[in-house]
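Overview (structure and organization)
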Amino acid sequence: MVFEKKEYWRWKEYNWKNPDTDWRKANIITAGVDVGSVSSQAVIMCDGELYAYSTMRTGSNSPNSALNAINWAMESTGLSLDDIHFKVGTGYGRVNIPFADKAITEIACHARGANYMYGPTVRTILDMGGQDCKAIHCDEKGKVTSFLMNDKCAAGTGRGMEVFADLLNISIEEVGDRSLQVEKEPEPVSSTCVVFAKSEAIALLRSGWSTEKVLAAYCLAMARRVVSLIERNGMELDFAITGGIAKNDGVVSRIEKEMGVKALKPKHDTQIAGALGAALFAKALVEKSGEK
Amino acid sequence: MIANYGYKDGAGEFFISIDTEKCASCVEKPCVKACPEQIFYIYEDDYDDEVVGVRDKSRNQLQYICAPCKPSTGEPKLTCTEACTSGAIKHSW
Ligand code: SF4
Ligand code: SF4
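All of the points below concern the structure found in this document. (Residues numbered from 1 in each chain as written. Chains lettered and ligands numbered in written order. Predicted model: local features only at pLDDT ≥ 70, side-chain atom pairs only at ≥ 80, totals over all residues. Heavy atoms only, no water.)

**Brief notes about the interface of chain A and chain B**
- The partner chain B presents 17 residues to the 19 residues of chain A that form the contact.
- Across the interface of chain A and chain B, roughly 1,700 Å² is buried in total on both sides, 48% from carbon and sulfur atoms.
- Joining chain A to chain B, the criterion identifies 3 salt bridges.
- The closest approach of N and O atoms between B:Asp48 and A:Lys102, which form a salt bridge, is 3.9 Å.
- Between the two partners, chain A and chain B, sit 8 residue pairs in polar contact (both at pLDDT 80 or more).
- Elements with a contribution of two residues or more to the side of chain A that touches chain B: β9 (144–149), α6 (211–233) and α8 (273–289) of chain A.
- Here the side of chain A that touches chain B gets 6 residues from one element, more than from any other, and that element is β9(A).
- In terms of residue class, the side of chain A that touches chain B is built from 7 nonpolar, 6 polar and 6 charged.
- Here 3 bridges tie β9(A) to strand β1 (residues 2–9) of chain B, and the two strands are oriented parallel to one another. Considered in β1(B), the bridge of A:Phe147 is made with B:Ala3. (Contact = heavy atoms within 4.5 Å. Buried area = accessible area lost by both parts, 1.4 Å probe. Salt bridge = Lys/Arg side-chain N within 4 Å of Asp/Glu carboxyl O. Polar contact = N/O pair within 3.5 Å; in protein donor to acceptor, adjacent residues only side chain to side chain. Helix = DSSP H or I, 4+ residues; strand = E, 2+ residues; numbered from the N terminus. Nonpolar A, V, L, I, M, F, W, Y, C, P; charged D, E, K, R; others polar. Pairing = 2+ DSSP bridges.)

Next up, the structure:
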């Protein structure tokens, strides 16, 4: 018999399209592809409105991940790459996307994407990605006015959370809710460094802590860590969170509590913010070139 | 845009912030040559302005890279902030 180890850390991979939009009627079709260290997304927009997207795991090779993501977003739409007028790449693998017409940093793309997703009142964005975490300020048009990046290590990021989910055999989708099932908030784990936190978690479980309590301690540690990042760059309302961690209510609600502010509720999957911003940049570039 | 590069760890907060609006209109960009460790580089930002940033590989070692420029006593006169007459560069420590 073959035992397959379940992969608890994976976010659901899926694609979506707006059934009410006919891309053939669109004047400008653009795409944004965000190749991150952990996951990749592709977004297709028709005249600046969200038409289709996909989100999936980044493979070992950036060009393939980008192509897979965009092909999946185009699946059953009848669209081909040639129908898309401009494609912008972003994320850490952005310079390695063969079909992209331009590369733009994820900082600028997340701000532009958040402006679309949450509206023009957003001023502070926390992007919690797979490998790093960024605090961004933007104006009413989604243009970056300042940013601060945690460049030291991968601690307190999406990847750290995934390692944790796997260690505790809990699907990444459940981590947030389970971490909130504690009667009293425990002390945060002393380190968010993946390696140390992992051995600390094992020790806590051995000492009789429930899985929920360990998760609560880790989510709180992560929240405190990013709060210090936001505080360094200043908090200006409205506040929004993008990236995979925004889907983890255990971290989001603790950030809100620590900061004493509420984050705006997203209308779309927060993981697509970067690709969405890239597609919006693409539209602006087509308009600027005057080709359409 | 105020771009903050650096990190916070057990030893403190080590950030260099650069006001890129000022870089966009700074023709000579003297900071690039002035820094003995060559941590600054020129790039075109996402809004098509030619500005200065801190190199990727330097960002998580600023405390050590800048240490020789920062005497432990007295008010340090940093080569980079002296070179940048428009005051675009700020150190957090
Ligand atoms: S000297 Fe100052 S203003 Fe000029 S490019 Fe360097 S940091 Fe920017
Ligand atoms: S303090 Fe010295 S090493 Fe550091 S950025 Fe300024 S000139 Fe370069």
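**Things to note about the site of ligand 2**
Residue and element names in this part refer to chain B.
- Contacts to ligand 2 come from Cys-35, Pro-36, Glu-37, Ile-39, Phe-40, Ile-65, Cys-66, Cys-69, Thr-79, Cys-80 and His-91.
- One can see that ligand 2 is located within the largest cavity.
- Looking at side-chain class alone, the shell around ligand 2 contains 8 nonpolar, 2 polar and 1 charged residues. (Near = heavy atom within 4 Å. 1 Å grid on protein atoms, 1.4 Å probe; cavity = no way out; pocket = protein on both sides within 12 Å on 5 of 7 lines; lining within 4 Å. Sits in = over half its atoms within 2 Å of the grid points.)

Without other data, these values stay purely geometric and don't point to any function.
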